[in-house]
Amino acid sequence: MRGLTRAAKRAGEMAFNAGGGTVNWFPGHMAAASRAIRDRLKLADLVIEVRDARIPLSSANEDLQPVLSAKRRILALSKKDLANPNIMNRWLNHFESCKKDCISINAHSSSSVNQLLGLAELKLKEAILKEPTLLIMVVGVPNVGKSALINSIHRIANSRFPVNDKIKRATVGPLPGVTQDIAGYKIASQPSIYVLDTPGVLVPSIPDMETGLKLALTGAVKDSVVGEERIAKYLLSILNIRKTPLHWERLLHRREELHEEICSLNENDSRDSLRRRRVNNSDAVYVQVLSLISKSNE
Ligand SMILES: Nc1nc2c(ncn2[C@@H]2O[C@H](COP(=O)(O)OP(=O)(O)OP(=O)(O)O)[C@@H](O)[C@H]2O)c(=O)[nH]1
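Presented here is an overview of the structure given in this document. Everything numeric in this text was worked out from a predicted model, so none of it was measured.

Overview of the packing of helix α8 (residues 209-217) against helix α10 (residues 228-241)
Then, in step 1: Interaxial distance between α8 and α10 falls to 10 Å at its minimum, and their mutual angle equals 90°. With respect to their mutual orientation, α8 and α10 come out roughly perpendicular. When α8 is examined against α10, the residues M209, E210, L213, K214, A216 and L217 are found in contact with a partner set consisting of R230, I231, Y234, L235 and I238.
Then, in step 2: For the contact of α8 with α10, a count of residues per class yields eight nonpolar, no polar and three charged.

Here's what the structure looks like:
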């Protein structure tokens, strides 16, 4: 309890306040995709709901939960290579205790995707014997790794059961919103099994700022939607509360120094000079530098 009070005091010292309000990022393609996903879900034999292993609750699309929970479903906690393994194992136990089939994955690792395919095969065991065609849908919020997962599934499946169709690749990218249409990939014949890649969809309005900040930090929401400076401050407050060895006062001091350095640079060379300069290895200082660079260019 005393530890928590100390952590709260430290956060207070940093003067971080997420602020209230909702986070709205619901471009036209997302509204259309949400409707199309609901339609196709009716036909799906299995749904792989991809969530981010670092934020498995905040990365759930709450609007889709009622329909997803009525389907044969696997929860795939993606980007496990970026998550804290101890905390992630606690999440896996939590979902298991809620009777949900849950697995953590790294979409770029064959062994990890093979485990997921094994679980999918188990869940589809009876349907594989009965149905001539099966449909697996991959859904989730933007940038969570759906297309990367589809490409790995496609590659692995094709090495096991070569399909005559030309191999298509889903487009993978570091920013949210790359996939804008539903696309199907055939991964087996007899029965024919298709995997559907879907655009990442969020709820039209994320009800609290902290969820929005978590989604922005993990890449599901564009930084500009919640504000770069707010994201940087939120990250720093988390690092501080988790006792990551950072010293806020030293950072503030460094910020003042950088301000002075920027002011002393001439307008044209400020961005390049700062980018070239070797700053302290700390990511947090890097965040501060980025924020100052963007300010100097406003
Ligand atoms: N470290 C790591 N990176 C991953 C993993 N899966 C995907 N990525 C990366 O995350 C980014 C987003 O991956 P995508 O497959 O494009 O994500 P998406 O869910 O299809 O994104 P949308 O098109 O926005 O719906 C890419 O830079 C991928 O390389 C993973 O398991 N671990």
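Points about the sheet that holds strand β3 (residues 102-104)
Then, in step 1: Read across the open sheet, the six strands follow the order β3-β2-β1-β4-β6-β5; overall the sheet is mixed. Of all the strands in the sheet, the pair left with one neighbour each is β3 and β5 (183-188). The average undirected angle you get between the axes of adjacent strands in this sheet is 25°.
Then, in step 2: Bridging between strand β4 (residues 133-140) and strand β6 (residues 192-197) involves six bridges; their strand directions are parallel. Following the sheet pairing, M137 is matched in β6 by L196.
Then, in step 3: Sitting on the sheet, helix α4 (residues 85-97) touches β1 (46-52), β2 (73-78) and β3, and the angle it makes with β3 is about 165°.

Parameters and conventions
- Residues numbered from 1 in each chain as written.
- Predicted model: local features only at pLDDT ≥ 70, side-chain atom pairs only at ≥ 80, totals over all residues.
- Heavy atoms only, no water.
- Axes fitted to C-alpha atoms, helices over the stretch in contact; angles between N-to-C directions.
- Helix = DSSP H or I, 4+ residues; strand = E, 2+ residues; numbered from the N terminus.
- Parallel < 35°, antiparallel > 145°, perpendicular 65-115°, else oblique.
- Contact = heavy atoms within 4.5 Å.
- Nonpolar A, V, L, I, M, F, W, Y, C, P; charged D, E, K, R; others polar.
- Pairing = 2+ DSSP bridges.

Spatial relationships are all this shows, so hold off on functional conclusions.
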